[in-house]
Amino acid sequence: MDLYQELIIEHAKRPHRAGLRAPFDAEVHHVNPTCGDEVTLRVARDGDVLSDISYDSLGCSISVASGSMLADLLTGENLDTARTTFAAVRSMLTSKGADPGDEEVIGDAIALAGVAKYPARVKCALLSWMALADALAKTGVNLSEESHV
Amino acid sequence: MTVPAPALAAFSDQELARIRADFPILSRTVRDGKPLVYLDSGATSQKPYAVLDAERGWYTELNAAPHRGAHALSEEGTEAYEGARATIAGFIGARADEIVFTKNATEAINAVAYAFSNSAAGGGGGAGERFRIGPGDEIVVTQMEHHANLIPWQELSARTGASLKWLEVTDDGRLDLSRVREVITERTKVVAFVHASNVLGTINPVDAIVARARKVGALVVLDACQSVPHLPIDVADLGVDLLAFSGHKMLGPMGIGVLWGRREVLDAMPVFLTGGSMIETVTMERATYAPAPQKFEAGVPNAAQAIGLAAACNYLTNLGMDRVSAHEHALTGILLDGLRERPWTRLIGPDSLENRGGAVSFVVNGVHAHDVGQILDEHGVAVRVGHHCAWPLHRRFKAAATTRASLAPYNTPEEMTAFFAALDTVPGIFGIEV
Ligand SMILES: Cc1ncc(COP(=O)(O)O)c(C=O)c1O
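Residue positions are counted from 1 within each chain, in the order its sequence is given. Note on labels: chains are lettered from A, ligands numbered from 1, in written order. For this predicted model, a pLDDT threshold of at least 70 governs which residues receive local features, and a threshold of 80 or more governs which side-chain atom pairs are given and counted, while totals over whole chains, interfaces and linings are taken from all residues. Working from all heavy atoms in the structure, the side-chain values ignore hydrogens and water.

Colleague: Is there a simple way to think about the environment of Ala87(A) in this case?
Modeller: Residues and elements named next belong to chain A. Here Ala87 shows up in helix α3 (residues 79-93). For the exposure calls, accessible area comes from a 1.4 Å probe over protein chains only, and a residue counts as buried if that area is under 20% of its type's maximum, exposed if over 50%, partly exposed in between. Classification of Ala87 as partly exposed rests on a relative accessible area of 42%. As for Ala87 and Lys13, which are separated by 74 residues in sequence, their C-alpha atoms are 26 Å apart. Helix and strand definitions follow DSSP, with helices as H or I runs of at least four residues and strands as E runs of at least two, each counted in order from the N terminus.

So this is what it looks like as structure tokens:
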């Protein structure tokens, strides 16, 4: 089936940058109440740059892989890139398949494109992304704000 | 109560073909033309034509507000609605006036929990004494409860200051009764527990708990959601005070459930929802209430659904509840055997057919239940994944989520084969050693 791309299985088995690290500026804990998936996510900022994103996640392959991809994509990037990437991933995941995703922008997360066709799984794929948005909000940054292109 | 291994036969191929023909949805396909293998009846069962026709018949022939009006339709509708009550009562060995219609088991349990706090607030009158609860009193549940039979009691505890205690679950998924005397004590006002677990499949020893509760004078509330659809039930044999179940899990419609209570318990029980249809007299200052069950049925009821549920009871009675139970027992055996042959799975619940219903939950080691469910779904096999509204129980077994297959009379041995064939594709996809 097209949902379980090799990349998803790889990220899920060996999630990148996993584990909780200090120092950090904000920590959040998000759960998906329908299935019990959980993620604790920390973000450290150095001005405009996301200097570290660390996490501990317990969940299905989709939610773990998505968190791993997020950490890969955004660690060391600036807020503008984070906003663009967040918007692109969210758009792809919530498009019911209409937005195929742009690999240039979202890298490995393109492997999650198939999730959009399974409404019950979209929440799994978005869990870490919503946690990151929430963590950044705690540091005074709105991730879903339109980035100026 | 112990449930002996049934001596009766499972449904034959011919019988199953006839039964399945009664359920239109079972012939549809899913996910690009795959036959539907529905193993999620524990969440909600499918409905036979007899139930659909009965509901439709209400609207095409009888629709009027029951108990409100003297015209022909209202009279016939009232008779049909009360007839449904009598049929459902007969199905569980009860009197018709002991059947309270609710929207589901959740509402039925909440009605009881609120009766306790209404009584504590002085709303019960003298008769409500048995429902009076407050600081120093205790409420007892178990670690294997569905949230529907846990959270209402947590809330009752929070509202009244009574404390909440529970019986724990053993490693093999049985209730641990070794501490029953410490848990159910002279302070216990109510013991609420599940008859058949929706996760473990365990059928709990009602007798032992009722005996202890009687000794200390506590009311006993039984969550029979997963037993009434699958076992012959006689409320007189069970000996509990109140019992709740949902129509939609027993081939009936959504939107109808039942609270059964022994007559004198319902008479004493304070009301929860108030309004029209439940009164005797009303002035601007106060009201007196109709006798049970009417006093618990405020508002125009779900009459069509009640009639649909009566049709479901008749359907099950025609199949024979002992045959239904024998059939599901045989299929449960196939599921347990199959999981035992697959050491890469871990069963959560008793690995024995003794006192066991047809909810079979398991973990595939190293693969999240969501992923297992997704792969099964791709093969047309519908199972439930997650914590099945029993989160504390899943914590107890250190499982974030499980995959659950659950049975109904229309399931076949071939479907068990299809289920395992789909399950066997899981390890390869996730690189698990088998
Ligand atoms: C054991 C048990 N109790 C209570 C419930 C609640 O039933 P309902 O959601 O129909 O009120 C269910 C079903 O979800 C159940 O399986």
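That covers the picture; the talk isn't over yet.
Colleague: It is not clear to me how the pairing of strand β6 (residues 163-167) of chain B should be interpreted in this structure. Could you clarify?
Modeller: On a regular strand, one side chain projects to one face of the sheet and the next to the other, so that they alternate. Residues and elements named next belong to chain B. DSSP calls a pair of strands paired once it identifies at least 2 bridges connecting them. The sheet contact formed by strand β5 (residues 138-142) and β6 spans 5 bridges and is parallel. In the strand pairing of β6, Ile139 is matched with Leu164. A clockwise path from the first strand over the helix to the second, with the strands pointing away from the viewer, defines a right-handed crossover. In terms of handedness, the path from β5 via helix α5 (residues 151-160) over to β6 forms a crossover that is right-handed.

Colleague: Just checking my understanding: could you explain the packing of aromatic side chains for this structure?
Modeller: We describe a pair of aromatic rings using the distance from one ring centre to the other and the angle between the two ring planes. Residues and elements named next belong to chain B. Side-chain rings of Phe, Tyr and Trp, where Trp is taken by its six-membered ring, are said to pair if the distance between their centres is within 6.5 Å; with planes under 30 degrees apart they count as stacked, over 60 as edge-to-face, and otherwise as tilted. Across all of its chains, the model carries 9 aromatic pairs over all chains by this definition. The interplanar angle of 90° and the centroid separation of 5.7 Å between the aromatic rings of Phe23 and Tyr315 together place this pair among those described as edge-to-face. With a gap of 292 residues between them, Phe23 in the loop between α1 (13-21) and β1 (29-30) and Tyr315 in helix α10 (residues 303-319) connect regions that are remote in the sequence. What makes Tyr315 buried here is its relative accessible area of 11%.

Colleague: Looking at this model, I keep getting lost on the layout of surface pockets. Mind explaining?
Modeller: Rolled over the atoms, a probe sized like a water molecule indicates the empty space that remains. In this structure, the largest pocket encloses a volume near 610 Å³. Every residue lining the largest pocket is counted, 27 residues in all, and those nearest its centre are Ala120(A), Arg31(B), Asp377(B), Val383(B) and Val385(B). Gly is placed with the polar residues, together with every amino acid not listed as nonpolar (Ala, Val, Leu, Ile, Met, Phe, Trp, Tyr, Cys and Pro) or charged (Asp, Glu, Lys and Arg). Looking at the lining of the largest pocket, its residues break down into 12 nonpolar, 9 polar and 6 charged. Two kinds of site are reported from a 1 Å grid over the protein atoms alone, namely cavities, where a 1.4 Å probe fits but cannot get out, and pockets, open sets with protein on both sides within 12 Å along at least five of seven lines, and residues are called lining when an atom falls within 4 Å of a point. Grid points are joined across faces, edges and corners, and a volume is the space filled by probe spheres set on the points. There is about 500 Å³ of room inside the second largest pocket. In terms of lining, the second largest pocket is formed by 30 residues, of which the most central are Gly59(A), Cys60(A), Gly366(B), Val367(B) and His368(B). Put simply, the parts of the chain that give the lining of the second largest pocket at least two residues each are α1 (6-13), β3 (49-58) and α2 (61-74) of chain A together with β14 (359-364), α12 (369-378) and β17 (402-406) of chain B. Here the element with the most residues in the lining of the second largest pocket is β3(A); it accounts for 4 residues. Per-class residue counts for the lining of the second largest pocket are 18 nonpolar, 7 polar and 5 charged.

Colleague: Explanation requested: the sheet that holds strand β7 (residues 188-194) of chain B in the structure shown.
Modeller: Hydrogen bonding along the main chain pairs the strands of a sheet, whether they run parallel or antiparallel. All names here are of chain B. In space, the 7 strands of this open sheet follow the order β4-β10-β9-β8-β7-β5-β6, with mixed pairing throughout. Here the strands that pair on one side only, and so sit at the sheet edges, are β4 (99-102) and β6. Averaged over all pairs of adjacent strands, the angle between strand axes in this sheet comes to 20°, irrespective of strand direction. As defined by bridge partners, strand β9 (residues 242-246) adjoins strand β10 (residues 257-261) across 5 bridges and the pair is classed as antiparallel. For Phe245, the partnering residue across the bridge sits in β10 and is Val258. The axes are straight lines fitted to the C-alpha atoms, using for helices just the contacting stretch, and the angles between their N-to-C directions are given from 0 to 180°.

Colleague: Before we go on, may I ask you to explain the site of the ligand in this structure?
Modeller: Residues and elements named next belong to chain B. Neighbouring residues of the ligand: 13 residues in total, closest Thr106, Asp223, Ser246, His248 and Lys249. Side-chain atoms alone can form a polar contact between residues adjacent in sequence; in general such a contact is a pair of N or O atoms within 3.5 Å, and within protein one must be able to donate a hydrogen while the other accepts it. In the model, an oxygen atom of the ligand is placed 3.4 Å from a nitrogen or oxygen of the Ala105 main chain. Within the side chain of Lys249, one N or O atom sits 2.7 Å away from an oxygen atom of the ligand. Grouping the constituent residues of the shell around the ligand by class yields 4 nonpolar, 7 polar and 2 charged. We define proximity as follows: a residue is near a molecule or strand when any one of its heavy atoms falls within 4 Å of that partner.

Colleague: Looking at this structure, how should I read a negative patch on the surface?
Modeller: All names here are of chain A. Among the surface-exposed residues, Glu6, Glu10, Asp102, Glu103, Glu104 and Asp108 lie close enough to one another that they form a single negatively charged patch. Mapped onto the negative patch, the elements with two or more residues apiece are α1 and α4 (103-106). Within the secondary structure, Glu10 is located in helix α1. Within this analysis, patches are made of residues with over 30% relative accessible area and no salt bridge. Like charges are joined at 9 Å or less; nonpolar side chains (Val, Leu, Ile, Met, Phe, Trp, Tyr) at 5 Å or less. Where accessible areas are quoted, they stem from the Shrake-Rupley method and a 1.4 Å probe; at the residue level, only the protein chains shown are allowed to cover. Salt bridges are defined by distance alone: a side-chain nitrogen of Lys or Arg within 4 Å of a carboxyl oxygen of Asp or Glu. When charges are counted, Lys and Arg contribute as positive and Asp and Glu as negative, whereas His and the chain ends are disregarded. Every charge is mapped to an atom, namely NZ of Lys, CZ of Arg, CG of Asp or CD of Glu.

Colleague: What should I look at first to understand the interface of chain A and chain B in this one?
Modeller: In what follows, a contact means two residues having at least one pair of non-hydrogen atoms within 4.5 Å. Listed as interface residues are 18 residues of chain A and, on the opposing side, 15 residues of chain B. By definition, the buried area sums, over both parts, the 1.4 Å-probe accessible area that each loses when the two are put together. With both sides pooled, the region where chain A packs onto chain B buries about 1400 Å², and carbon together with sulfur makes up 59% of that total. Counting across the chain A and chain B interface gives 1 salt bridge. For Asp371(B), the salt bridge goes to Arg121(A), with nearest N and O atoms at 2.9 Å. On inspection of chain A and its partner chain B, the count reaches 10 residue pairs in polar contact (both at pLDDT 80 or more). When residues of the side of chain A that touches chain B are traced back to their parent elements, those giving at least two are α1, α2 and α5 (119-138) of chain A. Residue classes in the side of chain A that touches chain B are distributed as 11 nonpolar, 4 polar and 3 charged.

Colleague: Would you explain the UniProt feature "domain: NIF system FeS cluster assembly NifU N-terminal" (unreviewed entry) in chain A in this entry?
Modeller: UniProt positions are given in the numbering used here, feature names are shortened, and annotations may be inferred rather than shown by experiment. Annotation from UniProt places "domain: NIF system FeS cluster assembly NifU N-terminal" (unreviewed entry) at residues 4-124 of chain A. The span residues 4-124 of chain A carries 39% helix and 22% strand; its end-to-end C-alpha distance comes to 14 Å.

Colleague: Got a minute to help me understand the packing of helix α4 (residues 105-120) of chain B against α5(B) in this structure?
Modeller: Angle between the axes and distance between the axes: these two values describe a pair of packed helices. Residues and elements named next belong to chain B. Running from N to C, α4 and α5 point in directions that differ by 10°, and their axes come no closer than 9 Å. Looking at the two axes, α4 sits roughly parallel to α5. Contacts between α4 and α5 involve Ile109, Asn110, Val112, Ala113, Tyr114, Phe116, Ser117 and Ala120 from the former and Pro152, Trp153, Leu156, Arg159 and Thr160 from the latter. Split by residue class, the contact of α4 with α5 holds 9 nonpolar, 3 polar and 1 charged. Any angle that is under 35 degrees is reported as roughly parallel, and any over 145 degrees as roughly antiparallel; angles of 65 to 115 degrees are reported as roughly perpendicular and all others as oblique.

Colleague: Hey, could you run me through the sheet that holds strand β1 (residues 26-32) of chain A in this one?
Modeller: Residues and elements named next belong to chain A. Across the sheet, which stays open at both edges, the 3 strands sit in the order β1-β2-β3 with antiparallel pairing between neighbours. Of all strands in the sheet, those bounded by a partner on one side alone are β1 and β3. Across this sheet, the average inter-strand angle for adjacent strands is 20°, counted without regard to direction. Relative to strand β2 (residues 37-46), β1 is paired through 7 bridges, and the arrangement is antiparallel. Each bridged residue has a counterpart across the sheet, and for His29 the counterpart in β2 is Thr40.

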